[in-house]
Structure formats: C-alpha cells, structure tokens
Amino acid sequence: MHSSELQSLPHIVIVGAGFGGLRAARALAHAPVRVTLIDKNNYHLFQPLLYQVATAGISPAEIAHPVRAILRGQKNLEFVLAEVKNVDLPGKVLRTSVGDVAFDALILAVGGVTQYFGIASLEENAYGLKNIDDATSVRNHLLTMFELANQETDPAVRQSMLTFVVVGGGPTGVEMAGAISELTRVVLAKDYPHLNSSDIQVILLEAFDKLLPAFPPELSENTVKVLRKKHVDVRFGGAVADYSGTSVTLKDGSIIPTQTVIWAAGVKAAPVLGSLGVARGSLDRVPVDSTLQVKDYPFAFVIGDAALFTGPDGRPLPMVAPVAMQQAEVSAKNALAVLSGQPLKEFIYKDPGSMATIGRRQAVVRLGKMKFRGVIAWFLWLFVHLMQLVGFRNRVIVLVNWAWDYLFYDRAVRMIGPCI
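Read on for an overview of the structure. What you are looking at is a predicted structure, and each value in this text was computed from that prediction instead of being measured.

## Focus on the sheet that holds strand S8 (residues 99–102)
Line of reasoning, step 1. Across the sheet, three strands lie side by side as S6-S7-S8; this open sheet has antiparallel pairing. For this open sheet the edge positions go to strand S6 (84–88) and S8, each flanked by a neighbour on one side alone. Strand-to-strand twist of the sheet, defined as the mean angle between neighbouring strand axes without regard to direction, takes the value 20°.
Line of reasoning, step 2. Here four bridges tie strand S7 (residues 93–96) to S8, and the two strands are oriented antiparallel to one another. Residue arginine 95 lies in a different strand from S8, and its bridge partner there is aspartate 100.

And the structure:
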C-alpha cells in the first residue's frame, strides 16, 4: 500500500507497547486502517520475569525485545517513540513529547505504576519493580549490600545490611522473596565465605492473613510452608507505616532494622489517565462499559491495568497480562466497528488460571479447576513463561541461564552496574 493511500485511511492510535498494546496492534494488521503505536520505550518488556533480573538470574536484554522488530512486517503500522503528556478526548488528539497526534479511534493500554498509598518515605526509600531501571537498581543494591556487609565491623549495621524486606503477598512479592532467599543463601553465601549466613534475613510482610489471595486456599497455605522452608520469614498483619531507609516501622509500632525494602504491595493506573477529564475509580483506573469504551467517548477504549472492568462476581478484573491481552482483541474489533458503524462486541473474560513460582523446583499453578504444586507446577511455570517471551534468541538464552542456575546453583548476572 502506498503512503498516500495509507494516510487516507481511518487512524487508530494505540498508547502502550505492553501485552495489551502489542496484541491490539497485531489484531489490526490486516484491517483497512492506519495504526500508530506510541510508547516511551522502544521495546516490549516481559514484566513477569523482572524479579529474575532483580535477583541476578538473567539480564534485562533477555526479557525485552525491540518493538520495531516485533512489528516490522505490519505494513499499516507506524511506531512512534514518545511520551504521551495529555489526552484531549473531545478534540481527538494526543499531546506528546514529539508533538500532537490526531486520531479517529484510540486504545489506551498505558499499564500501571507502583502504588505507595501516599506514604512519602516509602516512595523515596523503597524499591519498586515495574520496569528495567527498577530491576537493575534492586540487583545493584542487593549485591552492594553484601559488599558493604563484608567490610562492616559493627554487627548491628551488618545485620541491617543483610536483612531484606519484601512487602506484599501477591505473586510478585512471593516470587521476589523466594528468589532473594535463594540468591543470598545459596549463591552469595559462596561468594562471601567470611559472612555468617545466620545474619541473612529475608522477611515477607503481608498486611492481611493470606498469601496469593487469588489462589485456592490449599495452594496459598502450601506457599507459606515452602517459603518458610526456604528461610523466608513470612509475617501476616505486617502493614507498613514508614520506612526511613534504615528501618521499617509497622502500623503496630514494631520496627525492623533494614537497608532494603522492596515494595510489591500495590499498583495503580498510569498518571496520564488523569488528563482524560473523566471520573476514575479504584486504583485510578478508568471505568469502561461492557464494550471497553469510555463513557461519552465511544471512539476511546481503555484496556489492561488502566481499565476498571467489573466481572460477573461484581469485582474488578485483576491487573494481569491475560486480561490485557483478551481486552486488546475485543477493543481492536470494536474500534473497527465504531469506525464502520457496525455493532460492537461485549467483552467476556475467560480466566486461564494463575501461577507463581516460589523458587527452585517449587511453584503453585491453578488451571481452571486443576491445581498443581511442587515440581510439576514449577515445570509448567517454566514452560509457560519461556513460550511467552518474545524472540527465539531470548528464549534460548533464558533457558540456558535457567539450566545453568539449576545445575550449578549459580546466577549469571552478579555484576553491579548499568543495564547489562
């Protein structure tokens, strides 16, 4: 198709190159429209494996893939590297860091950011885990703590350096706590033979009384047992009130001396949604109707972590990749339908299940009514995550790193430095 012909077609703009944005772009590959995909990064990031970057198992390049390489064969699509500053729905235009972009239909797949619940000290001193910079910062910090502890003569200070607190009992918190325990006790203990392994503490704080609340009770209980066997101190009722950078204060008044807090207790929708001029619901998500449209703006769709969509049970759908990908397919079809005056399709979520790894040879998996734990669940987790990675090269390298870690109890990327 010639450029002039393409320019005359209806214009659909997608914001965000995550799971939802990429799926929506691909769904429009053969449609008679012009598609623009906008993201502030030139790569798609496989966020479920960020915790492995943070714990020195794999490098950032192995879970990221250039957007242009993924979509290079799509003739009706243009990728624009830019940050969206403002969304003018009445004017059908985006204000971006590289200029204005007009659209006929819009799909917002902008994802989420870390939610600190208004606790400024946490936002200043704790580590989140939402992007590559977060993950490499955590990795660098963990390794630095061991280097400094190896030189520290004050036992109390050394203890605080070797106390690692993870906050949040969802999949990210569980996976992070298990991975830190294995990194520190199995791998780094060999690198620092003069440190006493009994000084190493990994603490998982959960404000409520259950880990992995979306999982069946027996899998949740199994997760607690496995983590404790891996020397993770799981504490329930551990709501954080403050973190100074050297100690965590809980709402019950107790204090934990630590120089490391990794915050996995909350996510909210991306701030750019505040420019839409529409009411937002819980976690700053934009309420959408059954067709994923924004109220009063039938040409605008919001999907994934940014969308507040209520399921049949009356609760909002979770902020997970399967929701974003399924909504992407429906939003793409409905955007075409709006432009052509055709009937729209209602979104119905089909829950594929959920899974979380708890470390070496341990995971929990729910697939429909089937439940798995232990080694079988771990292999299922490995297979699913390996297949979801974009790019054959990435899959091979990650598989090699996993095999190396499994066979030799080693981590491949134990370097302090930039994104490598």
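## Re the packing of aromatic side chains
Line of reasoning, step 1. Counted according to the given criterion, the structure contains 12 aromatic pairs.
Line of reasoning, step 2. Arranged with centres 6.0 Å apart and planes meeting at 5°, the rings of phenylalanine 146 and phenylalanine 164 form a pair that is stacked. Of this pair, phenylalanine 146 sits in helix H6 (residues 132–151) while phenylalanine 164 sits in strand S11 (residues 163–167), placing them 18 residues apart in sequence.
Line of reasoning, step 3. Since its relative accessible area comes to 1%, phenylalanine 146 is described here as buried.
Line of reasoning, step 4. Residue class for phenylalanine 164 comes out buried when judged on its relative accessible area of 0%.
Line of reasoning, step 5. With centroids separated by 6.0 Å and ring planes inclined at 75°, the aromatic side chains of tyrosine 297 and phenylalanine 299 adopt a geometry described as edge-to-face.

## Here's the deal with the nonpolar core
Line of reasoning, step 1. Ranked by size, the top nonpolar core spans 63 residues in total, and within it Leu49, Ile63, Phe164 and Met176 carry the most contacts.
Line of reasoning, step 2. Those residues in contact with leucine 49 that sit more than four places away from it in its chain are Ile58, Ile63, Trp381, His385, Leu389 and Trp402.
Line of reasoning, step 3. Counting residues in hydrophobic clusters, the runner-up holds 60 residues, among them Ile14, Leu77, Ala270 and Ala306.

## Some thoughts on H6
Line of reasoning, step 1. Across its 20 residues, H6 extends 29 Å between first and last C-alpha, which sits within 8% of the 28 Å expected from 1.5 Å per residue.
Line of reasoning, step 2. Of all the residues in H6, the buried ones are Ile132, Ala135, Thr136, Val138, Arg139, Asn140, His141, Leu142, Leu143, Met145, Phe146 and Ala149.

## Quick notes on the environment of glutamine 327
Line of reasoning, step 1. Inspection of the secondary structure puts glutamine 327 in helix H10 (residues 321–340).
Line of reasoning, step 2. With 303 residues separating them in the primary sequence, glutamine 327 and alanine 24 have C-alpha atoms 8.4 Å apart.
Line of reasoning, step 3. Beyond its immediate sequence surroundings of up to four residues, glutamine 327 is in contact with Leu292, Ile303, Gly304, Ala307, Phe309, Leu317 and Phe347.

## Here's the deal with empty space enclosed by the protein
Line of reasoning, step 1. In the structure shown here, the tally under the stated rule is one cavity of 30 Å³ or more.
Line of reasoning, step 2. Every residue lining the largest cavity is listed: His44, Phe46, Glu62, Ile63, Ala64, His65, Gln388, Leu389, Val390 and Asn394.
Line of reasoning, step 3. The residue inventory of the lining of the largest cavity, partitioned by class, reads five nonpolar, four polar and one charged.

## Some remarks on the sheet that holds strand S1 (residues 11–15)
Line of reasoning, step 1. An order of S5-S2-S1-S9-S21-S20 is seen for the six strands of this open sheet, with the pairing classed as mixed. Of all the strands in the sheet, just strand S5 (77–81) and strand S20 (293–294) have a single pairing partner and so form its edges.
Line of reasoning, step 2. In terms of strand pairing, S1 meets strand S2 (residues 34–39) through five bridges, oriented parallel. Within S2, the position partnered with valine 15 by the bridge is isoleucine 38.
Line of reasoning, step 3. Against the sheet, helix H2 (residues 19–27) engages S1, S2, S5 and strand S9 (105–108), with an angle of about 160° to S1.
Line of reasoning, step 4. The sheet contacts of H10 involve S1, S9, S20 and strand S21 (297–302), and relative to S21 the element is tilted by about 165°.

## Some points on the layout of surface pockets
Line of reasoning, step 1. Of the pockets and cavities examined, the second largest pocket occupies roughly 570 Å³.
Line of reasoning, step 2. What lines the second largest pocket is a set of 30 residues, and nearest its centre among them are Glu182, Gly359, Arg360, Trp378 and Asp405.
Line of reasoning, step 3. Among the elements of the structure, helix H3 (50–54), helix H8 (171–191), strand S23 (354–359), helix H11 (375–388) and helix H12 (392–408) are those that each provide at least two residues to the lining of the second largest pocket.

## Some words on the pattern of salt bridges
Line of reasoning, step 1. Applying the stated rule across the entire model yields 11 salt bridges.
Line of reasoning, step 2. Across the pair glutamate 329 and arginine 23 runs a salt bridge whose closest N-O atoms are separated by 3.5 Å. Taken together, the residues glutamate 329 in helix H10 and arginine 23 in helix H2 connect sequence positions 306 residues apart.
Line of reasoning, step 3. You can call arginine 23 partly exposed: its relative accessible area is 29%.
Line of reasoning, step 4. Two residues, arginine 95 and aspartate 88, come together in a salt bridge whose shortest N-O distance is 3.4 Å.
Line of reasoning, step 5. Residue classification places arginine 95 among the partly exposed positions, given a relative accessible area of 32%.
Line of reasoning, step 6. Through salt bridges with shared partners, one network takes in Asp88, Arg95 and Asp100.

## So, a nonpolar patch on the surface
Line of reasoning, step 1. On the surface, a cluster of nonpolar side chains totalling about 300 Å² of accessible area is made up of Phe392, Val396 and Val400.
Line of reasoning, step 2. By the element assignment, valine 396 lies in helix H12.
Line of reasoning, step 3. Residue classification places valine 396 among the partly exposed positions, given a relative accessible area of 34%.

## Concerning the side chain of threonine 114
Line of reasoning, step 1. By secondary structure assignment, the location of threonine 114 is in strand S10 (residues 112–114).
Line of reasoning, step 2. Judged by its relative accessible area of 15%, threonine 114 is buried.
Line of reasoning, step 3. Those residues in contact with threonine 114, other than ones at most four positions away along the chain, are Gly128, Leu129, Lys130, Trp263, Gly266 and Lys268.

Thresholds applied
- Residues numbered from 1 in each chain as written.
- Predicted model: local features only at pLDDT ≥ 70, side-chain atom pairs only at ≥ 80, totals over all residues.
- Heavy atoms only, no water.
- Pairing = 2+ DSSP bridges.
- Helix = DSSP H or I, 4+ residues; strand = E, 2+ residues; numbered from the N terminus.
- Axes fitted to C-alpha atoms, helices over the stretch in contact; angles between N-to-C directions.
- Phe/Tyr/Trp six-rings, centres within 6.5 Å; stacked < 30°, edge-to-face > 60°.
- Buried < 20%, exposed > 50% of the residue type's maximum accessible area, 1.4 Å probe, protein only.
- Core = buried A, V, L, I, M, F, W, Y, C linked by side-chain atoms within 4.5 Å.
- Contact = heavy atoms within 4.5 Å.
- Expected span 1.5 Å × (residues − 1).
- 1 Å grid on protein atoms, 1.4 Å probe; cavity = no way out; pocket = protein on both sides within 12 Å on 5 of 7 lines; lining within 4 Å.
- Points joined across faces, edges and corners; volume = space filled by probe spheres on them.
- Nonpolar A, V, L, I, M, F, W, Y, C, P; charged D, E, K, R; others polar.
- Salt bridge = Lys/Arg side-chain N within 4 Å of Asp/Glu carboxyl O.
- Patch = residues over 30% accessible without salt bridge, like charges linked within 9 Å, V, L, I, M, F, W, Y side chains within 5 Å.
- Areas by Shrake-Rupley, 256 points an atom, 1.4 Å probe, with all protein chains shown as cover.

Remember, this is a structural readout, not a statement about activity or role.
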